Amino acid sequence: MKRLGVDVGGTFTDLIYVDDEAGTVLVHKLPTSPDDPSVATVQGIQELAARAGISAGDLDQVFHGTTIATNIVIEHNGAKVGMITTEGYRDILHIARHKKPFNFSNYQDLPWQAFPVVRRRYRLTVPERITGDGEVLVPLDEAKAREQVRKLKAAGVESVAVCFLFSFLNNAHEAKVAEIVREEFPEAFLSVSSEVLPQYREYERFSTVGLNAFVGPKVARYIRRLEDSLRALGVRTGVHLMTSAAGVATAEGAIARPVNLLMSGPVAGVVGGIWAGKQAGFDNVITLDVGGTSADVGLAQEGRLRMKHLLDTKVGPYNAMIPMVDVDTIGAGGGSIAYVDGGGMFRVGPRSAGAVPGPAAYGRGGTEATTTDAMVNLGWLSPEDFLGGGMKLDVDAARRVFADGPAKALGMSVEEASLGSIQILTHSMVQAIEENSVRKGFDPREFALVAEGGAGPLFAALVAQEVGTPWILVPPHPGVTAAMGLLATDTAYEYVSTVYQRLSALDAQSLYETFTQLENQARAQLEADGVPADRIIIQRIGECRYAGQGYELRVDLEPGPIDAEWARKAHRGFNEAHQREYHQHDDSFTIEMPNIRVRAIGLMPQLKTAEVAFGDASPAQALRKTSDAWFPVDGKLQQVATGYYDRAKLKAGNKIVGPAIVNQYDSTTVIPPGLVALVDRFGNLIIETGAASAGNH
């Protein structure tokens, strides 16, 4: 099978091609096209297919990870959205949860109010009311609903969100209004809460459905444009997109619920890191995916993805109550701009030079000092080896922007200012890792740090030494690990329903019927995607809590009939989950199950791992040159003789003693003085940091 993964970042678009039968793996990078990311995507597919000696039409699968939905939310440039809601509940989106970013300040902008997903003038109400029992208290005023839809059309909105109270228990009113919208305003993007998120929690449901409408038109246009371009190339398979829950959705599935694409790109990096870790023998991994604009940090214990709690799944300031892998993103990357602020503080990021103009060293008009320029100044990036020699870096420009910028302002040498900027970003990454590990009860000394992205292996050693991870894993193609993650995951969808059950007093028949309904819906979606029946897995999930708690934990549930034994297993599963999460549980407490989920998985072919040739301990065959580079040694910045190696020529068993720089097409790995890297049989670089380990390898 011939498969291709594309991950669109803020600076570069990364691609990987895998031919399972021939054992071929090819990687490619090119600058992202910010105005229309599909342009670089299509160009990259064409170029990589040509390198593979095939036509784009020969591809069996194309997978795509994208930040387009996330960027729309962060940049506040989504659609003009109208909302139809229950009379008297117009301002749910404005009021939110009465939480403030700064609890004790009376003078602050609340971002969801300053930049509303749906402006108040476009939030219109209709008389209707469903009770908490799912009964109709006030019938829907269909004439008023039609009038309000016409008002929104006249106002020029692009999307319509329909959110009524308790529609997750009885969707009759929402379904009727959706029908009216399709009659009166068929060109509008329609987002209906009972279709997008039939789940309790009023504000979060309204926010999620509003976000779905906010990103919908742009995301739909982008996906359709990409699909059309791929068809023009002869690609028959269509495109599959990574979702925030680490599943893959078809183009039509993604267009119907584009909110599920939020955090698509960062999640692919975590999946790729888990796959790389398992291949190298590490079950516990922390992933550090550093690109040109941002750094993404994820954690997986025993190879399992961690999911965020649904009340913590936010994009920017907005709640998005969708299944989302626990991954944090910070503004730290190769393009992060280094500057001295008005108060004399040395700062780096979150602003980035991006793909255009990019760092000064790229020679595309960049005039501000960036992290990439700093690494050129220190000798960590070889001007002639960048992108496999495909882009020659401008050494003079990199030095000039630091000399005229941070170095001059701080009275430092260019090298000191360059190292300072790297240390600032390193500290930001360390903080992000600690928030994702130590503060959540995980000991980094039990994990391997997987270095990903074009810049991840440049920072990994400095980060690992400070965090305390005993090993660093640099996969064979670190710069495209997120794209590899796209090929290492399965098609997946999740369907949810609010049921309000107690495990000690289950309405077994009702619960079984609801599960069956969700399972049929899930199976139908996978069958529509062309997944064979023997490759479909249906999983049940319960969101459970002790009575009186306000937060739920996900618990895997048994298939089949629901009886007393089923309830006992669910009870035991929740207590184990609670013990794992909070280090305590109580068998005597009543357990509630407000929501149930069905996760439908369409199994994709497993990636085959190629092995590299074996050699002895000496990496002499891969040594390209020896030259001086700058490193901190015993607390002082010094020039040190450094070996520069060609990764493609390394063999299993080779041992590289730092200081060393390992160059390859998609990334560069820095091995500081005092550290040693070993090459395993799959071509992974394993760097031992000397930190104490409580784990095992």
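Please refer to the structure placed before this passage.
In this report, the structure presented in the accompanying data block is examined. (Residues numbered from 1 in each chain as written. Predicted model: local features only at pLDDT ≥ 70, side-chain atom pairs only at ≥ 80, totals over all residues. Heavy atoms only, no water.)

Judged by nonpolar contacts, the single largest core of 118 residues is most densely connected at Ile 45, Ile 84, Val 160 and Ile 223. A per-element tally of this core places helix α8 (residues 202-232) first, with 13 residues. Setting aside residues no more than four positions away along its own chain, Ile 84 makes contact with Leu 124, Val 126, Gln 148, Val 149, Leu 152, Val 160, Ala 161, Val 162, Cys 163, Phe 164 and Val 177. One finds Ala 338, Met 375, Val 463 and Val 474 within the second-largest nonpolar core, a separate group that totals 71 residues. (Core = buried A, V, L, I, M, F, W, Y, C linked by side-chain atoms within 4.5 Å. Buried < 20%, exposed > 50% of the residue type's maximum accessible area, 1.4 Å probe, protein only. Helix = DSSP H or I, 4+ residues; strand = E, 2+ residues; numbered from the N terminus. Contact = heavy atoms within 4.5 Å.)

It is worth spelling out α8 at this point. Over its 31 residues, α8 runs 44 Å from end to end, which matches the ideal 45 Å to within 8%, given 1.5 Å per residue. Along α8, the sharpest change in direction is near 45° and occurs at Gly 216; proline Pro 217 comes one to four residues later. Taking burial as the measure, the 31 residues of α8 include 22 buried ones, the bulk of the element. Gly 234 occupies a position one or two residues after α8 and carries a positive phi of about 95°. (Expected span 1.5 Å × (residues − 1). Bend = angle between axes of the 7 residues up to and from the residue.)

On to unusual backbone geometry. The phi torsion of most residues other than glycine is negative, and most of the peptide bonds are trans. The residue after Gly 349, namely Pro 350, is reached through a cis peptide bond having omega 0°. Structurally, the position occupied by Pro 350 is in strand β20 (residues 346-352). A cis amide bond, omega 10°, links Gly 658 with the succeeding residue Pro 659. With respect to the helices, strands and loops of the structure, Pro 659 is situated in the loop between β29 (655-657) and β30 (660-663). One non-glycine residue, Glu 302, adopts positive backbone phi at about 55°.

The next point concerns the pattern of salt bridges. As enumerated under the stated definition, the model contains 40 salt bridges in all. Between Arg 97 and Glu 204 there is a salt bridge, with its nearest N and O atoms 2.7 Å apart. With Arg 97 in the loop between α3 (92-95) and α4 (111-114) and Glu 204 in helix α8, this residue pair connects regions lying 107 residues apart in the sequence. Owing to a relative accessible area of 41%, Arg 97 belongs among the partly exposed residues under this scheme. For the salt bridge of Asp 326 with Arg 306, the shortest nitrogen-to-oxygen distance reads 3.9 Å. Linking Asp 326 in the loop between β17 (318-319) and β18 (327-330) with Arg 306 in the loop between β15 (304-305) and β16 (314-315), this pair joins segments that are 20 residues apart in sequence. Taken together, the shared-partner salt bridges connect Arg 201, Arg 502, Arg 545, Glu 552 and Glu 592 into one network. (Salt bridge = Lys/Arg side-chain N within 4 Å of Asp/Glu carboxyl O.)

Without other data, these values stay purely geometric and don't point to any function.
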